[in-house]
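Chain and residue survey
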Amino acid sequence: MGNIIIRNAAQVVTCSGFSGKRGGEMSDLQVIDNGTVIVTGGIISHILQQGEPIPVDEQDYTVIHAEGKALLPGFVDPHTHFIFGGYREEEFSWRMRGDSYMEIMQRGGGIVHTTRATREATEEELLASGRERLDTMMQLGITTVEGKSGYGLDRETELKQLRVMRQLNETHAMDVVPTFMGAHATPAGWEGREDAFIDFNIREMFPLVAQEKLAESVDIFCEKGVFTIEQSRRYLMAAREHGFQLKMHADEIVTLGGAELAAALRCLSADHLLQASDAGIRAMAEAGVVATLLPLTAFTLREPYARGRAMIDAGCIVAMATDLNPGSSFTASVPLLFALACIYMQLTPEEAVTAFTINSAAAINRAGSIGSIDVGKQGDLLLLKFPSYKFLPYHVGMNIVETVIKRGKVVI
Ligand code: NIG
Ligand code: FE
């Protein structure tokens, strides 16, 4: 728990707020020019305007002089699958040749391929690769990451993935927020028995995961050829009975009504949404479901981008995430994420910053404690090499994060 003073940042981009921001609210970043931020005992204690005297004893603090640099809240990545065994580099070539993501999945590649490799991996191997990925993400300014299970699809391996995330949360500076995704695909041996596999998750897995407090949310891949709307509804309603927050991979490839279901169930978030209908978008705005957009996935799969502009104009709470996984988005590139969000989803730089800070915190139910520079929040901050947040999408593909501070301590 560190004590730190960041003095005279060219911009303090506060993103101030304690809940997700919808529609027009996403444009207001509440920037303080030439401001100073003080973190005491790991918690933000003071936000000072230019010229205000420092009200603490500087001898007890690390002091960073931030002239010419923009200070932002640490980034929050609310959708990843960063614990996995093996890789799928062949599938990239197949897709470039014209095979689709779903075709590859249906012939036993895709998620099922990674499931085989993840079952074979030892806990130590998953810890080591997971730790390395967290190191990379932190260099890119991410200070909290959500991670999903779903490459086990059996009791032992699902629990293994969740326990690895728990251990990483305890031993790495990154905060790791775990999600149980037992219904990510139908594993070998269950083909054609999707309803029974959903029952297995409801009867055996939910109680175990809840009892060991191994996850906060439950997620499902609701998609044509994977799990239906009805299966998703049954699975998510049962998850709620166990106290989990609800998340969905919704309307990614086909317009199935996933956004509408997420709204009807008051899910915490619905993610992907490339093919969400107008009615689904309106329903999510009304229900306050966070729409989490994953432009790196649309880019990788050469699919049309989600209609981010329309969602914000409809009053949605829009967040964005990397979706880091070995298939559809093998990248944690925050710089590319910002560029794609602005260039192809028509978000403004201000909206993109909101989408990856306070709104992505809202997507994992953490808007009260992270995602903005407000007194009382965790001291998770980053400094850019440049004087404005506007460089984030503009300096395409370049990491411009210079310093990362976690709970008041410099970690990068
Ligand atoms: O969010 N769409 C489903 N799940 C993941 C991909 C997982 C994988 O391909 O390994 C996603 O894109
Ligand atoms: Fe995903």
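Residues numbered from 1 in each chain as written. Chains lettered and ligands numbered in written order. Predicted model: local features only at pLDDT ≥ 70, side-chain atom pairs only at ≥ 80, totals over all residues. Heavy atoms only, no water.

As for the coordination of the iron ion (ligand 2)
The iron ion (ligand 2) binds to the protein through H79 (NE2), H81 (NE2), H249 (NE2) and D323 (OD); the donor distances cover 2.0 to 2.7 Å. Between consecutive donor residues of the iron ion (ligand 2), the sequence gaps follow H-x1-H-x167-H-x73-D. Residue H249 is found in strand β10 (residues 245–250), and its partner D323 is found in the loop between β13 (317–320) and α12 (334–343); the two are separated by 74 residues along the sequence. A relative accessible area of 1% means that D323 is categorised as buried. (Donors = N, O, S within 2.8 Å, 3.2 Å for Na, K, Ca; no water. Helix = DSSP H or I, 4+ residues; strand = E, 2+ residues; numbered from the N terminus. Buried < 20%, exposed > 50% of the residue type's maximum accessible area, 1.4 Å probe, protein only.)

Focus on the site of ligand 1
Around ligand 1, the surrounding shell holds 15 residues, and the nearest of these are R88, Y101, Y151, H272 and S328. R88 places a polar side-chain atom, nitrogen or oxygen, 2.8 Å from an oxygen atom of ligand 1. Residue H272 places a side-chain N or O atom 2.8 Å away from an oxygen atom belonging to ligand 1. Looking at side-chain class alone, the shell around ligand 1 contains four nonpolar, eight polar and three charged residues. (Near = heavy atom within 4 Å. Polar contact = N/O pair within 3.5 Å; in protein donor to acceptor, adjacent residues only side chain to side chain. Nonpolar A, V, L, I, M, F, W, Y, C, P; charged D, E, K, R; others polar.)

Some remarks on a nonpolar patch on the surface
A contiguous nonpolar patch, built from I343, Y344 and V396 and spanning about 300 Å² of accessible area, is present on the exposed surface. One can find Y344 in the loop between α12 and α13 (349–355). (Patch = residues over 30% accessible without salt bridge, like charges linked within 9 Å, V, L, I, M, F, W, Y side chains within 5 Å. Areas by Shrake-Rupley, 256 points an atom, 1.4 Å probe, with all protein chains shown as cover. Salt bridge = Lys/Arg side-chain N within 4 Å of Asp/Glu carboxyl O.)

A word on unusual backbone geometry
Look at Q30: it is not a glycine, yet its phi comes out positive at around 50 degrees. One non-glycine residue, L153, adopts positive backbone phi at about 55 degrees.

A closer look at the side chain of D251
For D251, the location among the structural elements is in the loop between β10 and α8 (258–264). With no salt bridge to any partner, buried D251 finds its closest opposite charge in R307, at an N-O distance of 8.7 Å. A polar side-chain atom of D251 sits 3.1 Å from the main-chain amide nitrogen of G257. Of note is the side chain of D251, whose polar atom sits 2.9 Å from the backbone nitrogen of A259. In this structure, D251 is in contact with C222, E223, L256, G257, G258, A259, E260, L273, L274, Q275 and A276, ignoring residues within four places of it in sequence. (Lys, Arg positive; Asp, Glu negative; His and termini not counted. Contact = heavy atoms within 4.5 Å.)

Topic: the pattern of salt bridges
One side chain can pair with another of opposite charge once the charged atoms of both are near each other. Applying the stated criterion across every chain, the model contains 20 salt bridges. The closest approach of N and O atoms between R309 and E351, which form a salt bridge, is 2.7 Å. Here the residue R309 occupies a position in helix α11 (residues 308–313), and E351 occupies one in helix α13, the gap between them amounting to 42 residues. Overall, the relative accessible area of 24% leaves R309 in the partly exposed class. Residue class for E351 comes out buried when judged on its relative accessible area of 4%. Here K406 makes a salt bridge to D380, at a shortest N to O gap of 2.7 Å. Here K406 is found in strand β15 (residues 401–406), whereas its partner D380 is found in the loop between α14 (358–363) and β14 (381–384), with 26 residues between them in sequence. Exposure class is identical for K406 and D380. Each is buried.

Remarks on the packing of aromatic side chains
Applying the stated criterion to the full structure yields 17 aromatic pairs. Residues F75 and F356 carry aromatic rings whose centres are separated by 5.2 Å and whose planes lie at 40 degrees to one another, so their mutual orientation is tilted. Pair noted here: F75 is in strand β6 (residues 75–77) and F356 is in the loop between α13 and α14, with a separation of 281 residues, a long-range link. Among the residues examined, F356 registers a relative accessible area of 0% and is labelled buried. Between F391 and Y394, the ring centres sit 5.5 Å apart and the planes meet at 65 degrees, which makes this aromatic pair edge-to-face. On the criterion of helical spacing, the pair formed by F391 and Y394 is a turn pair, its members being three residues apart in helix α15 (residues 391–394). We classify F391 as partly exposed; its relative accessible area is 21%. Given the relative accessible area of 62%, Y394 is considered exposed. (Phe/Tyr/Trp six-rings, centres within 6.5 Å; stacked < 30°, edge-to-face > 60°.)

Things to note about the sheet that holds strand β7 (residues 142–148)
One open sheet accounts for eight strands, arranged β6-β7-β8-β9-β10-β11-β12-β13; its pairing is parallel. Bordering the open sheet on either side are β6 and β13, each of which pairs with just one other strand. When the angles between neighbouring strand axes are averaged without regard to direction, this sheet yields 25 degrees. The strands touched by helix α5 (residues 155–171) are β7 and β8 (175–183); relative to β8, the strand with the most contacts, the crossing angle is about 175 degrees. (Pairing = 2+ DSSP bridges. Axes fitted to C-alpha atoms, helices over the stretch in contact; angles between N-to-C directions.)

Things to note about the domain arrangement of the chain
For the chain, the domain assignment lists domain 1 (4–74 + 369–410) and domain 2 (76–362). Taken together, the contact pairs 35 residues of domain 1 with 32 residues of domain 2. Of the roughly 2,600 Å² buried where domain 1 meets domain 2, counting both sides, 66% is carbon and sulfur surface. Where domain 1 packs against domain 2, one counts two salt bridges. A salt bridge links R407 to D175; the nearest nitrogen and oxygen atoms lie 3.2 Å apart. For the pair domain 1 and domain 2, the interface holds 12 residue pairs in polar contact (both at pLDDT 80 or more). Mapped onto the side of domain 1 that touches domain 2, the elements with two or more residues apiece are β5 (70–73), α15 and β15. No other element matches the four residues that β15 contributes to the side of domain 1 that touches domain 2. Among the residues making up the side of domain 1 that touches domain 2, the classes are represented as 17 nonpolar, 11 polar and seven charged. (Domains from an automatic or database assignment. Buried area = accessible area lost by both parts, 1.4 Å probe.)

Quick look at the pairing of β7
Judged by how many residues are buried, β7 sits mostly within the fold: seven of seven residues are covered. Here β7 runs beside β8; their pairing, made up of five bridges, is parallel. Residue pairing across strands places G147 opposite P178, the latter belonging to β8.

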